[in-house]
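# Examination of the molecular architecture
Here's the letter readout for the chains.
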Amino acid sequence: MQRRKFIGSASIAGIITAMLPGSLVASNQESSNHLLDAKKPNDRAYWTGMLYRMMNPVFSNLANGTLVKNMPFEVSPSYDGRKNVTYLEAVGRAAAGMAPWLALPDDDTKEGQMRKDLKAKFLKGIANGVDPSNPDYLNFTKEYQPIVDAAYLAHAFLRAPKALWEPLDDTTKKRVVKEFKALRTRKPWNNNWQLFTAITEAFLLEIGEEWDKEAVDRALNKFKDWYVGDGWYSDGPNFSFDYYNSFVIHPMLVDTLKVLSDHGKVPVADYELALKRMLRYVVHLERMISPEGTYPVIGRSITYRNGAFQALAQVALMKKLPEDISPAQVRSALTAVKKNIFQKGTFDKNNWLTLGFCGHHPDVADYYSSTGSMYMASLSFLPLGLPADDEFWTSDPEEWTSKKAWSGKSFKKDYHVDY
């Protein structure tokens, strides 16, 4: 089934080598304090290099059946001891961020070879991850945490069905469905977790499987009650000032409603209202990026790093940016953020993400955080699903809102909305 794009060898060895320190990524890191080069920068090459560097250890190992063996298990000092969840965390979160990029057509460019390599590893890896006889068999059935990370895997399938779902063999598909349905033995917490159940069930509806309508309706009704205004939702009954509107709420609510409206299960107006609210939220999100390419370190899960900008990245991918926010300024702002985030210490010597924010400092990680949790950082890479000749990538660099404001230039005033 064709869906919208948003939901939009020796050569490979050379590419992998290019992702290691001393090459493209390292050189970009060394110039991380330069927001915009004197000449027009190749932002897309930087983004693709960084995403490949982040994804390759996860999916190379999963494809080889060595993820559990080789992936580090670093945890927060206050870790609560949840067992055997870090591997599905890494796989689901990483997949959700790279999915739109892998959905692009194959080509013979260096970037195209990287995509082809990762796609093959993903498909082989997922087959391993749902095979009970494989050493990398992923945990969907124990603890509550798999509710979260199965949802990110489902989101990946929705974002790139032709690349990531349809090519799977029938046995693997049946096993994925079985694991997703096994999640129903546990109920989500009364907060953003409601949407993890909702999007997983929406995926099952999308592929023609039996789905839990009651659980989805419950989540949608919760978020009708939890909308607090001006584009913001409360994360449960009480409002929290953090990035969960971007980590989870807007992207999963909008994409769940898109599936349901496509299947005639909810009015299209419900989807359109949720999208309208998301567009308002990303106005705030874009303005949070400082002139230097930093952003407020607020709320929990700050070690998810630039995953805080998933909502802005998704709206850019959908080509739905508000009129006063150009694709070029979003690209420029997010590139600046990435070059500040991915500093020395963010990756270990084998290119696994470490616990921390701007570098490696596990003391700022939350009690539920381990190595796999960090792959939420992939979620700000969604615009790579736009082809290289899209204006998002080809337009000249532009200053973003706060950069204009703090340099004495004209910028659009901001007012609250009532929808």
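Residues numbered from 1 in each chain as written. Predicted model: local features only at pLDDT ≥ 70, side-chain atom pairs only at ≥ 80, totals over all residues. Heavy atoms only, no water.

## Quick look at the overall build of the chain
- Across its full length, the chain carries 17 helices and two strands.
- Computed over its C-alpha atoms, the radius of gyration of the chain comes to 20 Å, within 12% of the 22 Å expected for a compact globule of 419 residues.
- Taking the principal axes of its C-alpha atoms as reference, the chain extends roughly 55 × 55 × 45 Å.
- Residues classed as buried in the chain amount to 62% of the 419 residues present.
- Looking at the chain as shown, the accessible area adds up to about 16,200 Å², and 53% of this sits on carbon and sulfur atoms. (Helix = DSSP H or I, 4+ residues; strand = E, 2+ residues; numbered from the N terminus. Rg over C-alpha atoms; globule rule 2.2 N^0.38 Å. Buried < 20%, exposed > 50% of the residue type's maximum accessible area, 1.4 Å probe, protein only. Areas by Shrake-Rupley, 256 points an atom, 1.4 Å probe, with all protein chains shown as cover.)

## Here's the deal with the packing of aromatic side chains
- Across all of its chains, the model carries 31 aromatic pairs by this definition.
- Residues phenylalanine 180 and phenylalanine 203 carry aromatic rings whose centres are separated by 5.9 Å and whose planes lie at 80 degrees to one another, so their mutual orientation is edge-to-face. One end of the pair, phenylalanine 180, is in helix α9 (residues 170-182); the other, phenylalanine 203, is in helix α10 (residues 193-206), with 23 residues separating them in the sequence.
- By relative accessible area, which is 1% here, phenylalanine 180 ends up buried.
- Measuring from centroid to centroid gives 5.9 Å for phenylalanine 342 and phenylalanine 347, while their planes differ by 25 degrees, and the two rings are stacked. Considered together, phenylalanine 342 and phenylalanine 347 belong to a single accessibility category, that of buried residues.
- Among the aromatic residues, ring-to-ring pairing joins Phe59, Phe122, Phe140, Phe157, Trp165, Phe180 and Phe203 into one connected group.
- One cation-aromatic arrangement involves lysine 338 over tryptophan 47; the distance from NZ or CZ to the ring centre is 3.9 Å. (Phe/Tyr/Trp six-rings, centres within 6.5 Å; stacked < 30°, edge-to-face > 60°. Lys NZ or Arg CZ within 6 Å of the ring centre and 35° of its normal.)

## Some remarks on the confidence of the model for the chain
- On average, residues of the chain score 92 in pLDDT, and 90% of them are at 70 or above.
- The low-confidence segment residues 1-38, where pLDDT is below 50, has 80 contacts with residues more than four positions distant or belonging to other chains. (pLDDT = per-residue confidence, 0-100. Contact = heavy atoms within 4.5 Å.)

## Topic: helix α15 (residues 327-341)
- Between its first and last C-alpha atoms α15 spans 21 Å; for 15 residues at 1.5 Å apiece the expected length is 21 Å, and the two agree.
- Of all 15 residues in α15, 14 are buried; the element is thus mostly enclosed. (Expected span 1.5 Å × (residues − 1).)

## With respect to the packing of helix α5 (residues 86-102) against helix α6 (residues 110-129)
- One can describe the packing of α5 onto α6 by two numbers: an axis separation of 11 Å at closest approach and a directional angle of 140 degrees. Looking at the two axes, α5 sits oblique to α6. Crossing of α5 against α6: the hand is left-handed. Between α5 and α6, the contacting residues are Val91, Ala95, Met98, Trp101 and Leu102 on the first element and Glu111, Met114, Arg115, Leu118, Lys119, Phe122 and Ile126 on the second.
- The class makeup of the residues in the contact of α5 with α6 is nine nonpolar, no polar and three charged. (Axes fitted to C-alpha atoms, helices over the stretch in contact; angles between N-to-C directions. Parallel < 35°, antiparallel > 145°, perpendicular 65-115°, else oblique. Left-handed = near helix turned anticlockwise from the far one by under 90°. Nonpolar A, V, L, I, M, F, W, Y, C, P; charged D, E, K, R; others polar.)

## Side note on unusual backbone geometry
- In this model, arginine 305 sits at a positive phi of 55 degrees, which is unusual for a non-glycine residue.
- One can find arginine 305 in the loop between α13 (268-287) and α14 (310-318).
- The phi torsion at asparagine 351 lies on the positive side, around 70 degrees, for a residue other than glycine.
- Checked against the element boundaries, asparagine 351 lands in the loop between α15 and α16 (391-394).
- For asparagine 351, a relative accessible area of 5% gives the class buried.

## Comments concerning the environment of isoleucine 207
- Among the structural elements, isoleucine 207 can be located in the loop between α10 and α11 (213-225).
- According to the relative accessible area criterion, isoleucine 207 is partly exposed, its value standing at 28%.
- Apart from the residues within four sequence positions on either side, isoleucine 207 is in contact with Trp165 and Val177.

## Quick word on the nonpolar core
- Phe59, Phe122, Phe157 and Phe180 are the most contacted members of the largest nonpolar core, which has 132 residues in total.
- The leading source of residues in this core is α5, at 11 residues.
- With residues up to four places along the chain from it excluded, the contact list for phenylalanine 122 reads Phe59, Ala95, Met98, Leu153, Phe157 and Leu164. (Core = buried A, V, L, I, M, F, W, Y, C linked by side-chain atoms within 4.5 Å.)

## Comments concerning a nonpolar patch on the surface
- A contiguous nonpolar surface patch, about 300 Å² in accessible area, is contributed by Val228, Phe239 and Phe241.
- Relative to the helices and strands, phenylalanine 241 is located in the loop between β2 (232-233) and α12 (244-262). (Patch = residues over 30% accessible without salt bridge, like charges linked within 9 Å, V, L, I, M, F, W, Y side chains within 5 Å. Salt bridge = Lys/Arg side-chain N within 4 Å of Asp/Glu carboxyl O.)

## A short note on the environment of valine 91
- With respect to the secondary-structure elements, valine 91 resides in helix α5.
- Given the relative accessible area of 0%, valine 91 is considered buried.
- When the C-alpha positions of valine 91 and alanine 405 are compared, they lie 40 Å apart, and in sequence the two are 314 residues distant.
- For valine 91, the residues in contact, after removing those within four places along its chain, are Val58, Phe59, Leu62, Leu67, Ile126 and Leu138.

## What to know about the side chain of threonine 66
- Relative to the elements of secondary structure, threonine 66 occurs in the loop between α3 (43-64) and α4 (67-70).
- Contacts of threonine 66, omitting those with residues within four sequence positions, involve Asn61, Met71 and Asp136.

## Brief notes about α13
- A rise of 1.5 Å per residue sets the reference length of α13, with its 20 residues, at 28 Å; its end C-alpha atoms lie 29 Å apart and thus fit the reference within 8%.
- Three or more residues of α13 are buried, namely Tyr271, Ala274, Leu275, Arg277, Met278, Arg280, Tyr281, Val282, Val283, His284, Leu285 and Glu286.
- Lining the buried residues of α13 we find β1 (227-229), β2, α12, α14, α15 and α17 (401-405).

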